[in-house]
Amino acid sequence: DKVARKYWARLKEIYADIGMEDAALENVLNRYCLMLSEHDGLLALLAEARAALEELKKMRREMPPEAWLEKLQKQTEQVLGLEAAIRKKRDQLLAVEKENLLTAQSKIRAVPKKKAEKKPTGIAAYRAARGG
């Protein structure tokens, strides 16, 4: 799947940049990339279905009313079904993102905090400067 492969390469680069190349995540990220590809495919189908619906609306006067209404109903059901599938796929993607460092909040929680060096102040700084 070429689309999934593009997403995979991008995510692999991002994870390498933050030092989180982990074989344990590969299966999840692979599945995530496949889901992104499926989502893109659903969006393309939805665009086609909406275009067909618009064409059907233009043909209203050219068809018998009963036939036109039947086709309109089927086309509308197809569009609604695709929209529902896209919403479901987006919910699935969000669930994966929340669990696997693909959202900003999860990245912030997962990145180890750097300990700030405590510099001596006051009398301790004076003694450290004098070597004592």
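Predicted model, so just to flag it, every value in this text is computed and none were measured.

Mind showing me how you'd approach the environment of A9 here?
On the secondary structure map, A9 appears in helix α1 (residues 2–17). Given a relative accessible area of 46%, A9 falls into the partly exposed group.

Quick question: what am I supposed to make of the side chain of K89 here?
Of note, K89 is situated in helix α3 (residues 65–99). Discounting chain neighbours no more than four positions away, the residues touching K89 are M35, E38, H39 and L42.

How do you make sense of the packing of α1 against helix α2 (residues 23–58) when you look at a structure like this?
To describe two helices that pack against each other, one gives the angle between their axes and the distance between the axes. α2 packs onto α1 with a crossing angle of 135° between their chain directions and a minimal axis gap of 8 Å. Put simply, α1 runs oblique to α2. In this structure, the crossing between α1 and α2 has a hand that is right-handed. Two secondary-structure elements touch here, α1 through V3, A4, Y7, W8, L11 and Y15 and α2 through L25, E26, L29, N30, Y32, C33, L34, L36, S37 and D40. Looking at the contact of α1 with α2 residue by residue, the classes come out as 12 nonpolar, 2 polar and 2 charged.

Explanation requested: the side chain of H39 in the structure shown.
Here H39 lies in helix α2. Among the residues examined, H39 registers a relative accessible area of 9% and is labelled buried. Leaving out residues up to four positions away in the same chain, H39 has contacts with I86, K89, R90 and L93.

For this particular structure, what's the right way to read the pattern of salt bridges?
When charged atoms on two side chains of opposite charge get close, those side chains can pair. This structure, assessed with the given rule, holds 5 salt bridges. Residues E83 and R50 are paired through a salt bridge, measuring 2.5 Å at the closest nitrogen-oxygen approach. Of this pair, E83 sits in helix α3 while R50 sits in helix α2, and the two are 33 residues apart along the sequence. Ionic pairing is found between K58 and E55, a salt bridge with its closest N-O pair at 3.7 Å. Linking K58 with E55, this pair stays in helix α2, spanning 3 residues, or about one helical turn.

How do you make sense of helix α5 (residues 123–130) when you look at a structure like this?
At 3.6 residues per turn, the α-helix brings residues three or four places apart onto the same side. Counting buried residues in α5 gives 0 out of 8 residues, a small share hidden from the surface. Count one or two residues on from α5 and you reach G131, which has phi positive near 85°.

Before we go on, may I ask you to explain the confidence of the model for the protein chain in this structure?
Any residue range with low pLDDT should be treated as having predicted coordinates unsuitable for detailed reading. Model confidence for the protein chain is summarised by a mean pLDDT of 85, while 89% of its residues fall at 70 or above. Looking at the elements of the protein chain, mean pLDDT is at its lowest for helix α4 (residues 104–110), recorded as 60, and at its highest for α3, recorded as 93.

Procedures and definitions
- Residues numbered from 1 in each chain as written.
- Predicted model: local features only at pLDDT ≥ 70, side-chain atom pairs only at ≥ 80, totals over all residues.
- Heavy atoms only, no water.
- Helix = DSSP H or I, 4+ residues; strand = E, 2+ residues; numbered from the N terminus.
- Buried < 20%, exposed > 50% of the residue type's maximum accessible area, 1.4 Å probe, protein only.
- Contact = heavy atoms within 4.5 Å.
- Axes fitted to C-alpha atoms, helices over the stretch in contact; angles between N-to-C directions.
- Parallel < 35°, antiparallel > 145°, perpendicular 65-115°, else oblique.
- Left-handed = near helix turned anticlockwise from the far one by under 90°.
- Nonpolar A, V, L, I, M, F, W, Y, C, P; charged D, E, K, R; others polar.
- Salt bridge = Lys/Arg side-chain N within 4 Å of Asp/Glu carboxyl O.
- pLDDT = per-residue confidence, 0-100.

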